[in-house]
Amino acid sequence: MQDDNNIPAERAWLALDQLQGGFIVYRPDGTLRYANKAAREHWPVLYASMDDGIPFHDSVARQIRSLFPRLNEATFQVRHTIVMDAIRKCKDLDMVTATGRHVVTSHSRMDDGHVIGVTHDVTDLVQREISLNAARRHALMASEAKSEFLASMSHEIRTPLNGIIGMAEGLRHRALGTEEAEMVDTIVESSHTLLLLLNDILDLSRIEAGRLEITPVVENVRKRISWIERNYRPLAEQKGLFLKVVFDPKLPEHLAIDTTRVRQCIDNLLTNALKFTKEGGVTLAVMAGDMSRNGRIAISVHVSDTGIGISEEHRSRLFQNFQQADSSTTREYGGSGLGLAISRKLAQLMGGDVTCVSKPGEGSIFTFSFEARVADAPRKVVKSASGTANREVDLLKGVRALVVDDNTINRRVARIVLEPLGVIVTDVPSGKDALSHLKSETFDIVLLDVHMPNMDGPEVLRRIRDSRERWNDIPVIALTADAMNGDRERYLKMGMDDYIPKPIIEHDLLAALTRVHDKKGIRRLDPAQALTDLSDNDITSPESSRKVAVGS
């Protein structure tokens, strides 16, 4: 370091004085040797005090008091210590200047003991970070508001939809004329279309919020896709189309896949292929790639059709939300334009994609690809001789169910679905009534609505489980219009034995009842034991006796 009176050094100081950033030099004894113009504008009190011979420690204290006159003593001491420690130990120091700028000062010690400080104005960066954090908070609030709105709308729409589908399904079981039967079929079909649209919107919301999880299970892929093909064959035959399925010989028998999501993607592609094909047919080919070192394999599902085809211009919009090839497609064939967008997003979550090759008038080939882990066959469950197609129905004959729901229509729908299966139904409108009936009668299972006034489903469940009655371990299935991601897991964790989202679909309810039976067992009503139980509980009212007689 040159002497203070050296002329070349003074010229260097003058040059440094023109810098936009601050430049400071402290002597080894802590006194100020030089502070350029920018540094003095940042902290005028500090350097003016040091120019007057005030010790560095006290000068720093003066500057802090000048910047923050209302600081209490404890906070002042903390700030003073931080500043002194940063300079002595050559750390970076982030402070607000007298002009309100955010400045970071970097310190470094020279070999001769001098300390050099160089400041960097980071005000713009700080403001940008503040703006980004505010935007992030607003985006999060908007996302939460959107999710809350969708959850609320889903709940409100599912409740009346439950009544529409339930009543229409009930009419299907009655003797109807041809015209009336067609009307009912139209109601059911339209209701299920509305339900699919509702589920698509919820799926899209989950994906965009990053809340949709892929849950692989071991599945026989050939059997699963063959089952899908059998479901679509009647529609193909109705339109006079062929429907073929081809499997790659290299395709492993068992893979760990998210069965629901894989089927959802294939369903979307098959539905579109059959919808937009008037002559010829549809071929579904499942191909397998080479296995990687980690035991994963790329699967490609090609759905090719001889339909109307898609132009290159329109293909670019296919995978956008609420988009179809063109407006005339929507008018003629219907659809929300969400299926392909959701399928692509699902495929990407599974490590793949959905692509399209097409030519107008010559058909299309949609390819759904995903990654899967090659797995061993799951353990086989040996079923009894009753394991026929009607096994579930046979299991439920004579089962006594308590349906708890404050909505009258929902209770009627539950009856319409359950009673043709041989289930003996008692329905009540409140949690209080449910507990009262459990005490006075014998039931095998409880179907419990979640949202009810005064005493909701979770509270009813808690009282059932906490009671010391014989029915404290009775199977309980949640019936709820809550269908957002995580709702099922939440209610199972709560202690429910299974979960059915509304609207109640007959095969979904049947599957849930069967799962509970296989997992926990559903006791069949034994009339003699029921009378004994009632006698033990001193229940002698005519109403109770009448219900037992009906059950028997």
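Each remark here, short or long, concerns the structure printed above.
The model shown is predicted, which means the values in this text are computed figures rather than measured ones.

What counts and how
Residues numbered from 1 in each chain as written. Predicted model: local features only at pLDDT ≥ 70, side-chain atom pairs only at ≥ 80, totals over all residues. Heavy atoms only, no water. Helix = DSSP H or I, 4+ residues; strand = E, 2+ residues; numbered from the N terminus. Buried < 20%, exposed > 50% of the residue type's maximum accessible area, 1.4 Å probe, protein only. Contact = heavy atoms within 4.5 Å. Areas by Shrake-Rupley, 256 points an atom, 1.4 Å probe, with all protein chains shown as cover. Pairing = 2+ DSSP bridges. Axes fitted to C-alpha atoms, helices over the stretch in contact; angles between N-to-C directions. Polar contact = N/O pair within 3.5 Å; in protein donor to acceptor, adjacent residues only side chain to side chain. Parallel < 35°, antiparallel > 145°, perpendicular 65-115°, else oblique. Left-handed = near helix turned anticlockwise from the far one by under 90°. Nonpolar A, V, L, I, M, F, W, Y, C, P; charged D, E, K, R; others polar. Phe/Tyr/Trp six-rings, centres within 6.5 Å; stacked < 30°, edge-to-face > 60°. Lys NZ or Arg CZ within 6 Å of the ring centre and 35° of its normal. 1 Å grid on protein atoms, 1.4 Å probe; cavity = no way out; pocket = protein on both sides within 12 Å on 5 of 7 lines; lining within 4 Å. Points joined across faces, edges and corners; volume = space filled by probe spheres on them. Salt bridge = Lys/Arg side-chain N within 4 Å of Asp/Glu carboxyl O. Expected span 1.5 Å × (residues − 1). Patch = residues over 30% accessible without salt bridge, like charges linked within 9 Å, V, L, I, M, F, W, Y side chains within 5 Å.

Student: Run through the overall build of the chain, naming residues and quoting values.
Tutor: What the chain contains, in helices and strands, is 20 helices and 17 strands. Across the 552 residues of the chain, 43% fall into the buried class. Here the contacts in the chain between residues at least 6 apart in sequence split such that 60% fall between residues at least 24 apart. A total accessible area of about 29700 Å² is found for the chain, and carbon and sulfur atoms account for 53% of it.

Student: Tell me about the sheet that holds strand 4 (residues 102-109), and please be specific about residues and values.
Tutor: As summarised here, the arrangement of the five strands in space is 2-1-5-4-3, forming an open sheet in which the pairing is antiparallel. The sheet terminates laterally at strand 2 (32-35) and strand 3 (93-96), the two strands that pair on one side only. Strand after strand, the sheet turns through a mean of 20° between neighbouring axes, direction not considered. As judged from the four bridges shared by strand 3 and strand 4, these two strands associate in the antiparallel manner. Across the sheet, L93 pairs through a bridge with T105, a residue of strand 4.

Student: Got a sec to walk through the sheet that holds strand 16 (residues 476-480)? Specific residues and values, please.
Tutor: Spatial strand order, 14-13-15-16-17: five strands in an open sheet with parallel pairing. A single partner strand is all that each edge strand has here, and the edge strands are strand 14 (424-428) and strand 17 (498-501). On average, each strand axis in the sheet is inclined to that of its neighbour by 20°, with strand direction left out of account. The pairing of strand 13 (residues 400-404) with strand 15 (residues 445-449) spans four bridges and is classified as parallel. From the neighbouring strand, A401 faces strand 15, where its bridge partner is I445. Sitting on the sheet, helix 15 (residues 431-440) touches strand 13, strand 14 and strand 15, and the angle it makes with strand 13 is about 160°. In the packing of helix 16 (residues 457-466) onto the sheet, contacts are made with strand 15 and strand 16, and the angle to strand 15 comes to roughly 150°.

Student: Can you tell me about the side chain of T367, naming the residues and giving the values?
Tutor: Tracing the chain through its elements places T367 in strand 12 (residues 363-374). In this structure T367 comes out as buried when scored by relative accessible area, which is 16%. In this structure the side chain of T367 is engaged in a polar contact, spanning 2.8 Å, whose partner is the side chain of H302.

Student: An account of the packing of helix 4 (residues 56-67) against helix 5 (residues 73-88) is needed here, citing residue identities and associated values.
Tutor: Angle between the axes and distance between the axes are the two parameters that describe a pair of packed helices. Running from N to C, helix 4 and helix 5 cross one another at 130°; their axes reach a closest spacing of 10 Å. Classified by the angle between their axes, helix 4 and helix 5 sit oblique to one another. The interaxial crossing formed by helix 4 with helix 5 has right-handed handedness. Between helix 4 and helix 5, the residues in contact are F56, H57, V60, A61, I64 and R65 and E73, F76, R79, H80, V83, M84, I87 and R88, respectively. Grouping the constituent residues of the contact of helix 4 with helix 5 by class yields eight nonpolar, two polar and four charged.

Student: With reference to specific residues and values, describe the packing of aromatic side chains.
Tutor: By the definition in use, this model includes three aromatic pairs. Above the plane of the ring of F68 lies R79, whose end atom (NZ or CZ) is 4.3 Å from the centre. In this arrangement the basic side chain of R490 is found over the ring face of Y491, its NZ or CZ atom lying 4.6 Å from the centre.

Student: Quick rundown of empty space enclosed by the protein? Include the residues and the values.
Tutor: Enumeration according to the criterion identifies three cavities of 30 Å³ or more in this entry. Here the largest cavity defines a volume of roughly 140 Å³. Lining the largest cavity are 14 residues, with W43, L46, V83, I87 and L93 sitting closest to its centre. The dominant element in the lining of the largest cavity, judged by the number of residues it contributes, is helix 4, at three residues. For the lining of the largest cavity, the residue count by class is 11 nonpolar, three polar and no charged.

Student: Go over the layout of surface pockets, please, and point to the residues and values.
Tutor: Empty space within the second largest pocket amounts to approximately 270 Å³. In terms of residue count, the dominant contributor to the lining of the second largest pocket is helix 5 (three residues). Taken together, the residues of the lining of the second largest pocket break down into 10 nonpolar, four polar and four charged.

Student: Give me the lowdown on the pattern of salt bridges, citing residues and values where you can.
Tutor: Enumeration over the complete set of coordinates arrives at 25 salt bridges. Measuring nitrogen to oxygen at the nearest pair gives 2.7 Å for the salt bridge that ties R40 to D51. In this pair, R40 sits in helix 2 (residues 37-42) while D51 sits in helix 3 (residues 44-51), placing the two residues 11 residues apart along the sequence. Using a relative accessible area of 30% as the deciding quantity, one classes R40 as partly exposed. Residues participating in the shared-partner salt-bridge network are R411, R415, E419 and D427.

Student: Could you give an account of unusual backbone geometry, naming the residues involved and the relevant values?
Tutor: A positive phi angle, close to 55°, is found at C90, a residue other than glycine. Within the secondary structure, C90 sits in the loop between helix 5 and strand 3.

Student: I'd love a proper account of helix 7 (residues 178-208), names of residues and values included.
Tutor: The end-to-end C-alpha separation of helix 7 is 45 Å, in line with the 45 Å expected for 31 residues at 1.5 Å each. By the burial criterion, the buried members of helix 7 are V184, V188, S191, L195, L198, D200, L202, D203, L204, S205, R206 and I207.

Student: Explain the packing of helix 15 against helix 16 to me, and be specific about the residues and the numbers.
Tutor: Running from amino to carboxyl end, helix 15 crosses helix 16 at an angle of 25°, the nearest separation of the two axes being 9 Å. Judged by the inter-axis angle, helix 15 sits roughly parallel to helix 16. Here the hand of the crossing between helix 15 and helix 16 comes out right-handed. In contact with G431, L435 and L438 of helix 15, helix 16 contributes V460, R463 and I464. Looking at the contact of helix 15 with helix 16 residue by residue, the class counts come to four nonpolar, one polar and one charged.

Student: Give me the lowdown on the environment of G280, citing residues and values where you can.
Tutor: One can find G280 in the loop between helix 9 (259-275) and strand 9 (281-291). A relative accessible area of 33% means that G280 is categorised as partly exposed. Sequence separation between G280 and T306 is 26 residues; the distance between their C-alpha atoms is 5.8 Å.

Student: Go over a nonpolar patch on the surface, please, and point to the residues and values.
Tutor: Among the surface-exposed residues, F149, M153, I157, L194 and L197 lie close enough to one another that they form a single nonpolar patch of about 400 Å² accessible area. Looking at the nonpolar patch, the elements with two or more residues in it are helix 6 (123-172) and helix 7. The element that contributes the greatest number of residues to the nonpolar patch is helix 6, accounting for three residues. Mapped onto the elements, L194 comes out in helix 7.

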